[in-house]
Amino acid sequence: MTAPTAAAPRVRALVHPHPRRPERTPRRPHPVGELTPRHPRAACAPARTELSRLAARFAHRLIEVLTGHRPAGQLQRHTTLPGYQQLTALVRSGPLRPRGRLTPHRLGRVYDSAPTPRALEVCVRVEFGPRHHMVAFRLEQHRRTDQWQCTAVEAR
């Protein structure tokens with residue numbers, strides 16, 4: 001008796017389920033003339049623009065008024081009427097001026113944001129030794145004179 005023959009295995013053609021990928025474009029060489037940040041967070045550092053410098057200058061003067069080192073009248077021409085009323089109310093209530101003598105203060109970093117091209121919102125931390133306060137204000141550019149004016153002030 002002869003042994004039954006085993007069926008030969010069927011060979012299936014290989015079919016790729018995905019079409020062939022397009023060829024990659026060659027990589028560009030690293031730009032030699034451009035400055036690239038060496039630290040990952042260096043790219044996130046804010047650029048000091050003219051508006052940032054304006055915000056820092058006004059913050060310095062505003063803090064001097066709120067701490068009692070400068071009279072409030074010196075900022076009157078740089079504020080709108082509602083802004084000046086808020087400023088004088090803060091000077092009277094004195095959240096940044098301790099009772100008695102003038103104490104030295106130190107300004108922290110000034111954070112600014114431009115919600116519109118003609119407005120700038122600014123926040124700054126003021127340190128009095130171990131204590132600190134936050135001051136926020138809004139500068140808007142006057143539509144006729146293009147002068148920047150403080151329209152709102154808040155301190156806590």
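Cut-offs used in this document
Residues numbered from 1 in each chain as written. Predicted model: local features only at pLDDT ≥ 70, side-chain atom pairs only at ≥ 80, totals over all residues. Heavy atoms only, no water. pLDDT = per-residue confidence, 0-100. Helix = DSSP H or I, 4+ residues; strand = E, 2+ residues; numbered from the N terminus. Contact = heavy atoms within 4.5 Å. Phe/Tyr/Trp six-rings, centres within 6.5 Å; stacked < 30°, edge-to-face > 60°. Polar contact = N/O pair within 3.5 Å; in protein donor to acceptor, adjacent residues only side chain to side chain. Pairing = 2+ DSSP bridges. Axes fitted to C-alpha atoms, helices over the stretch in contact; angles between N-to-C directions.

A. Examining the confidence of the model for the protein more closely. The pLDDT averaged across the protein works out to 79; a share of 67% of its residues lies at or above 70. Of all secondary-structure elements in the protein, the lowest mean pLDDT belongs to strand β1 (residues 106-116), at 90, while strand β4 (residues 148-155) reaches the highest, 94. Taken together, the stretch residues 42-47 has pLDDT below 50 and engages in 4 contacts with residues farther than four places along the chain or on a different chain.

B. Structural detail: the packing of aromatic side chains. For the structure on display, the rule yields 1 aromatic pair. Ring geometry for Phe 58 and Phe 137: centres 5.2 Å apart, planes at 55 degrees, overall tilted. Here the residue Phe 58 occupies a position in helix α1 (residues 50-67), and Phe 137 occupies one in strand β3 (residues 131-141), the gap between them amounting to 79 residues.

C. Main features of the side chain of Thr 79. As for its position among the elements, Thr 79 is in the loop between α1 and α2 (81-93). For Thr 79, the side chain forms a polar contact with the main-chain oxygen of Leu 75, separated by 3.3 Å. Only 3.2 Å separates the side chain of Thr 79 from the backbone oxygen of Gln 76, close enough to count as a polar contact. With residues up to four places along the chain from it excluded, the contact list for Thr 79 reads Phe 58, Tyr 84, Gln 149 and Cys 150.

D. Summary view of the sheet that holds β4. Reading across from one edge, β1-β2-β3-β4 is the order of the 4 strands in this open sheet, with antiparallel pairing throughout. The sheet is open, and its two edges are formed by β1 and β4, each paired on a single side. Neighbour-to-neighbour, the strand axes of this sheet turn through a mean angle of 20 degrees, independent of strand direction. Here 7 bridges tie β3 to β4, and the two strands are oriented antiparallel to one another. Residue pairing in the sheet places Gln 141 in a bridge with Trp 148 of β4. Lying over the sheet, α1 contacts β1, β2 (119-128), β3 and β4, oriented at roughly 125 degrees with respect to β3.

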